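Take a look at the letters that make up each chain.
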Amino acid sequence: MAAAVHAQPGSGARFDWGLTGAAELGRVCGVLVVVDVLSFTTAVDVAVGRGMRVHPFPWGEQAADYARRVGAVAAVGRRQMTPDHPWSLSPAALTTAPVVADLVLPSPNGSAISAAASATGLPVVAACLRNAHAVGRWLTHHGYGSTDAPIGVIASGERWPDGSLRPSVEDQLGAASVLDALSGVPGGLSVEAAMALAALASTPDVSAAVRGSVSGRELIEGGFAEDVEVATRVGVSDVVPVLRQNVFSAA
């Protein structure tokens, strides 16, 4: 009984955190929406919007080997980027990097969650502050949001040094922005989704909140203020990246 309750039954839009939450909702939902605002899903929005296909991959050295096998370019960490290899997890860098047909984009959070969810066969959508309402429109247009085809919205969160989940302001607000576009779905919101959405109502300036958050300040102080600026452009994108057969492309 407890396991069934954890899946938030009886609602059309549900909310949870991280890899474990995605696995739980992935058992019962018709589609998963992954939110990783200050890196992965914003980078996916930018890359797919420029015509690239994005392959999610868990963080690790094997990403380069996987990229070679599938004929793709492997993105690197922000600090590993060079003039000869400008593809990285930096959304700002991806706005100007040369367009490639296929890009492997590894990360320990949103990308790892997306790759794991893809193995279930469920459609997975990448959402961020830039495209949250476009994602919401696409989901409702395709009939998701009933109790028979519920939507699972997953805030990726960050990691503490011991590897455990650190819930993050930016991903809660990104997820809430998607849920805001889903508030009229026929199955309604679960209590967890409604409480996540409440955070948006109490945040008068979402962009300022993300900039002032721990994750936002960490990037800004680390020299990546432009990434935060790109990620906090609310509602500027109509791109809906959908993951099928382990590749994100435009819906």
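Everything quoted here is computed from the prediction, not taken from an experiment.

Caption draft 1: Representation of helix α11 (residues 214-221) in the model. Looking only at α11, the buried set comprises Ser215, Gly216 and Leu219. Down the axis of α11, the sector holding all buried residues measures 100°, keeping them to one side. Among the exposed residues of α11, those pointing more than 90 degrees away from its buried face are Val214, Glu218 and Glu221. Where α11 is buried, its residues contact β8 (158-159), β9 (165-166), α8 (169-181), α10 (206-212) and α12 (225-231). Two residues or fewer past α11, Gly223 is found with a positive phi of approximately 95°.

Caption draft 2: Examining the pattern of salt bridges more closely. For the structure on display, the rule yields seven salt bridges. Among the salt bridges present, the one from Glu24 reaches Arg27, with a minimum N-O distance of 2.6 Å. Where Arg68 meets Asp65, a salt bridge forms, and the shortest distance between an N and an O atom there is 2.2 Å. Placement of both Arg68 and Asp65 in helix α4 (residues 62-70) is noted, with a separation of three residues, approximately one turn of the helix.

Caption draft 3: Looking closely at the nonpolar core. Within the largest apolar cluster, 40 residues are counted, with the highest numbers of intra-cluster contacts made by Val33, Val125, Leu139 and Val153. Aside from chain neighbours lying at most four places away, what touches Val125 is Val31, Leu32, Val33, Val34, Val135, Trp138, Leu139, Val240, Pro241, Val242 and Phe248. If you look at the next biggest cluster of nonpolar residues, it comprises 32 residues, including Leu105, Ala126, Val239 and Phe248.

Caption draft 4: Summary view of the packing of aromatic side chains. Overall, the coordinates contain four aromatic pairs when judged by the stated rule. Between Phe15 and Trp17 the ring centres are 5.7 Å apart and the planes differ by 75°, which places this aromatic pair in the edge-to-face class. Accessibility classification places Phe15 together with Trp17 in one group, the buried group. For the pair Phe57 and Tyr66, a centre-to-centre distance of 5.0 Å together with 25° between the ring planes defines the contact as stacked.

Rules of the game
Residues numbered from 1 in each chain as written. Predicted model: local features only at pLDDT ≥ 70, side-chain atom pairs only at ≥ 80, totals over all residues. Heavy atoms only, no water. Buried < 20%, exposed > 50% of the residue type's maximum accessible area, 1.4 Å probe, protein only. Helix = DSSP H or I, 4+ residues; strand = E, 2+ residues; numbered from the N terminus. Arc of directions from axis to C-beta. Contact = heavy atoms within 4.5 Å. Salt bridge = Lys/Arg side-chain N within 4 Å of Asp/Glu carboxyl O. Core = buried A, V, L, I, M, F, W, Y, C linked by side-chain atoms within 4.5 Å. Phe/Tyr/Trp six-rings, centres within 6.5 Å; stacked < 30°, edge-to-face > 60°.

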